[in-house]
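# Coordinate analysis (summary)
Chain by chain, the residues run as shown.
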Amino acid sequence: MAERDESDAERGEATAAAGLGKAIAQAASGGGIGAIAGGDAPTGRALFDAMGGARGLCETILPGLLFLVPFTVLTSVHEPWAQQLAMPVSLGASVLVAVVFTLIRIFTKTQVTQAVAGLIGVAASAILALITGNAANNFLLGFFIDAGYGAAMLVSMLVGWPLLGLVIGYLMGDGVAWRASASKRRVMQVLTACWLALFAARLAVQLPLYFAGLTVALGFTKLLMGVPLYATLVLVSWLVARAVYPPKSAQESDE
């Protein structure tokens, strides 16, 4: 009876992980690793598309940049009016550009959900900063998101179902079969650990700046540790996926 219960528990765990993996892979298929998973070579164009193309990069970078530039300029002016305008002007610019991008996606009917989610995040962060009177709180929501992703990566590794293994396995049509190979499991654990390190590094570097009240330095750091590090890990993940699942040769395909 105990063995049967244990077997049922294992099957239930596998079923739950499989369902989670499918959902994650489906979410990932439209961008990031999913956008370059089908390519035969990690071309610059493929990586650029994985970042969302020109529009995706602008949507990711401009809200933070349009907060940082006016805030830096106005806080550097030693006049009361400049200090008072610094936060509302910079937050307003950030929200405005997010609204513009959302409207563009609505009118062009392209991935509206992603744009709306981004707008909600930018608006919520701006409201939090205005309510608390602390411009650094514009970045507070991002800390929770990084912590959440990092915790998910860590838990998945501890239970033996690394998230990157689920994502890559389903994107490559292998499901969870990779778990039958000890070498593949190790590779997926290491790759998931790399993503965990990204989120942990962001928190380790940015939280001290937040608590020190260094808003400008925090804004620059978030931009530097955003798209560049994400793009690097997407490329690394692609290379790992191709090493674990090499493309079939033309002869094998014919057979």
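Presented here is a report on the structure given in the accompanying data block.

A word on the overall build of the protein. For the protein, the count of helices and strands is 12 helices and zero strands. Reading the protein from its N end, one meets helices and strands in the order α-α-α-α-α-α-α-α-α-α-α-α. For the protein, with 255 residues in total, the buried portion stands at 36%. Taking the intrachain contacts of the protein between residues at least 6 apart in sequence as the baseline, contacts between residues at least 24 apart amount to 68%. As displayed, the protein offers around 13700 Å² of accessible surface, 68% of which is attributable to carbon and sulfur atoms.

Looking at the element boundaries, Gln189 is found in helix 9 (residues 182-211). Of the residues examined, Gln189 reaches a relative accessible area of 23% and is grouped as partly exposed. Spatially, the C-alpha atoms of Gln189 and Pro162 are 5.6 Å apart, while their sequence positions differ by 27 residues.

So, on to a nonpolar patch on the surface. On the surface, a cluster of nonpolar side chains totalling about 530 Å² of accessible area is made up of Leu103, Ile106, Phe107, Val112, Val116 and Ile120. For the nonpolar patch, the elements supplying multiple residues, two or more each, are helix 5 (80-108) and helix 6 (112-132). Mapped onto the fold, Val112 is located in helix 6. Residue Val112 is classed as partly exposed on the basis of its relative accessible area of 31%.

Looking now at helix 6. A rise of 1.5 Å per residue sets the reference length of helix 6, with its 21 residues, at 30 Å; its end C-alpha atoms lie 30 Å apart and thus fit the reference within 8%. Within helix 6, the full set of buried residues consists of Ala115, Leu119, Gly121, Val122, Ser125, Ala126 and Ala129. One side of helix 6 carries all its buried residues, which in axial view fall inside an arc of 160°. In helix 6, the exposed residues that point more than 90 degrees away from the buried face are Thr113, Ile120 and Ile131. As for helix 6, its buried residues are in contact with helix 4 (53-75), helix 5 and helix 7 (140-158). One or two residues past the end of helix 6 sits Gly133, with phi positive at roughly 70°.

One pass over the full model with this rule turns up two salt bridges. Glu59 is paired through a salt bridge with Arg105; the nearest N and O atoms lie 2.6 Å apart. Here Glu59 is found in helix 4, whereas its partner Arg105 is found in helix 5, with 46 residues between them in sequence. Take Glu59 and Arg105: they sit in the same class, and that class is buried. For Asp146, the salt bridge is made with Arg202, and the minimal N-O distance between the two is 3.2 Å. Placement of Asp146 in helix 7 and of Arg202 in helix 9 is noted, with a sequence separation of 56 residues between them. There is no split in this pair, since Asp146 and Arg202 are both buried.

With respect to the element layout, Thr192 can be found in helix 9. For Thr192, a relative accessible area of 0% corresponds to the buried category. Ignoring any residue separated from it by four or fewer positions in sequence, one finds Thr192 in contact with Met153, Ser156, Met157, Pro162, Leu163, Leu164 and Gly165.

A few words now on the packing of helix 9 against helix 10 (residues 215-224). Viewed as axis vectors pointing N to C, helix 9 and helix 10 meet at an angle of 165°, and their least axial separation amounts to 9 Å. With respect to helix 10, the axis of helix 9 lies roughly antiparallel. Viewed along their axes, helix 9 and helix 10 form a crossing whose handedness is left-handed. Residues Val205, Gln206, Leu209 and Tyr210 of helix 9 pack against Ala217, Leu218, Thr221 and Lys222 of helix 10.

Time to look at the packing of aromatic side chains. This structure, assessed with the given rule, holds six aromatic pairs. Seen in terms of ring centroids, Tyr210 and Phe211 are 5.2 Å apart; in terms of plane orientation they differ by 70°. Their pairing is edge-to-face. Tyr210 sits in the buried class, given a relative accessible area of 14%. We classify Phe211 as exposed; its relative accessible area is 66%. Linked through ring pairs, Phe67, Phe71 and Phe139 together constitute an aromatic cluster.

Rules used in this analysis
Residues numbered from 1 in each chain as written. Predicted model: local features only at pLDDT ≥ 70, side-chain atom pairs only at ≥ 80, totals over all residues. Heavy atoms only, no water. Helix = DSSP H or I, 4+ residues; strand = E, 2+ residues; numbered from the N terminus. Buried < 20%, exposed > 50% of the residue type's maximum accessible area, 1.4 Å probe, protein only. Contact = heavy atoms within 4.5 Å. Areas by Shrake-Rupley, 256 points an atom, 1.4 Å probe, with all protein chains shown as cover. Patch = residues over 30% accessible without salt bridge, like charges linked within 9 Å, V, L, I, M, F, W, Y side chains within 5 Å. Salt bridge = Lys/Arg side-chain N within 4 Å of Asp/Glu carboxyl O. Expected span 1.5 Å × (residues − 1). Arc of directions from axis to C-beta. Axes fitted to C-alpha atoms, helices over the stretch in contact; angles between N-to-C directions. Parallel < 35°, antiparallel > 145°, perpendicular 65-115°, else oblique. Left-handed = near helix turned anticlockwise from the far one by under 90°. Phe/Tyr/Trp six-rings, centres within 6.5 Å; stacked < 30°, edge-to-face > 60°.

It is worth stressing that arrangement in space is one thing and function is another; only the former is reported here.
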